Amino acid sequence: MTTTAHLCDDPKSVYLAACPCRDMLDLLANKWSALALGALEEGPQRFGALRARLQGVSPKVLTQTLRRLEEHGLVHREIYPEVPPRVEYSLTPLGEDACRPLAHLRTWVEENIERFPASR
């Protein structure tokens, strides 16, 4: 088993209180972030399509989530100069990279949901 104890001296160790990695970990571990990134794996989408896909998310929370993902370079927001204006969200290369482990996590949860005591 690999240990991460040696990383505690590394300024990028997520175990350090002041580690800048913690903000990114917090963002990616957020349910709506993980689901929004997964939905965008299917290609660029407008806000309404994302909201329909992510059942249960409020417009306010989805807006906040997309803004944070954009601020952290995971999502690109494209505004088309049309009347009315059209906005599409898509993954950046960094967002595509983040989707790989998140897809594995979503699959693992779906395959193991019956094993969790709260789901019985």
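Residues numbered from 1 in each chain as written. Predicted model: local features only at pLDDT ≥ 70, side-chain atom pairs only at ≥ 80, totals over all residues. Heavy atoms only, no water.

Naming follows an unreviewed UniProt entry, where the protein chain appears as Helix-turn-helix domain-containing protein of Streptomyces sp. 900105755.

Trainee: Describe the layout of surface pockets, with residues and values.
Mentor: Approximately 190 Å³ is the volume found for the largest pocket. The wall of the largest pocket is formed by Ala29, Asn30, Lys31, Ala34, Leu35, Leu102, Leu105, Arg106, Val109 and Glu110. Contributions of two or more residues to the lining of the largest pocket are made by helix 2 (31-40) and helix 5 (93-112). It is helix 5 that provides the largest number of residues to the lining of the largest pocket, a total of 5 residues. Considered class by class, the residues forming the lining of the largest pocket number 6 nonpolar, 1 polar and 3 charged. (1 Å grid on protein atoms, 1.4 Å probe; cavity = no way out; pocket = protein on both sides within 12 Å on 5 of 7 lines; lining within 4 Å. Points joined across faces, edges and corners; volume = space filled by probe spheres on them. Helix = DSSP H or I, 4+ residues; strand = E, 2+ residues; numbered from the N terminus. Nonpolar A, V, L, I, M, F, W, Y, C, P; charged D, E, K, R; others polar.)

Trainee: So, the pattern of salt bridges: which residues are in play, and what are the values?
Mentor: This structure, assessed with the given rule, holds 7 salt bridges. For the salt bridge of arginine 68 with aspartate 23, the shortest nitrogen-to-oxygen distance reads 3.4 Å. Highlighted residues: arginine 68 in helix 4 (residues 59-71) and aspartate 23 in helix 1 (residues 21-29), separated in sequence by 45 residues. With a relative accessible area of 26%, arginine 68 lands in the partly exposed category. Taken together, the salt bridges that share partners define one network made up of Asp23, Asp26 and Arg68. (Salt bridge = Lys/Arg side-chain N within 4 Å of Asp/Glu carboxyl O. Buried < 20%, exposed > 50% of the residue type's maximum accessible area, 1.4 Å probe, protein only.)

Trainee: Outline the pairing of strand 2 (residues 75-80), listing residues and values.
Mentor: Along a regular strand, successive side chains alternate from one face of the sheet to the other. Note: strand 2 against strand 3 (residues 86-91), 6 bridges, orientation antiparallel. What sits directly across from isoleucine 79, in strand 3, is valine 87. What sits between strand 2 and strand 3 in their antiparallel hairpin is a turn of 5 residues. (Pairing = 2+ DSSP bridges.)

Trainee: Which residues make up the sheet that holds strand 1 (residues 45-46), and what values do they have?
Mentor: The 3 strands are arranged 1-3-2 in an open sheet whose pairing can be described as antiparallel. For this open sheet the edge positions go to strand 1 and strand 2, each flanked by a neighbour on one side alone. The sheet strands contacting helix 2 are strand 1, strand 2 and strand 3, and the helix crosses strand 3 at an angle near 100°. (Contact = heavy atoms within 4.5 Å. Axes fitted to C-alpha atoms, helices over the stretch in contact; angles between N-to-C directions.)

Trainee: An account of a nonpolar patch on the surface is needed here, citing residue identities and associated values.
Mentor: Side chains of Leu105, Trp108, Val109 and Ile113 sit close together on the surface and give an oily, nonpolar patch of about 350 Å² of accessible area. The residue isoleucine 113 is located in the segment after helix 5 in this model. Exposure remark for isoleucine 113: the relative accessible area of 35% places this residue in the partly exposed category. (Patch = residues over 30% accessible without salt bridge, like charges linked within 9 Å, V, L, I, M, F, W, Y side chains within 5 Å. Areas by Shrake-Rupley, 256 points an atom, 1.4 Å probe, with all protein chains shown as cover.)

Trainee: Break down the packing of helix 2 against helix 4 for me, citing the residues and quoting the values.
Mentor: Between helix 2 and helix 4, the least distance of the axes is 10 Å, while the angle of their chain directions is 75°. Here helix 4 runs roughly perpendicular to helix 2, going by the angle between their axes. Taken together, the residues of helix 4 that come into contact with helix 2 (itself represented by Trp32, Ser33, Ala36 and Leu37) are Val61, Thr65 and Leu69. (Parallel < 35°, antiparallel > 145°, perpendicular 65-115°, else oblique.)

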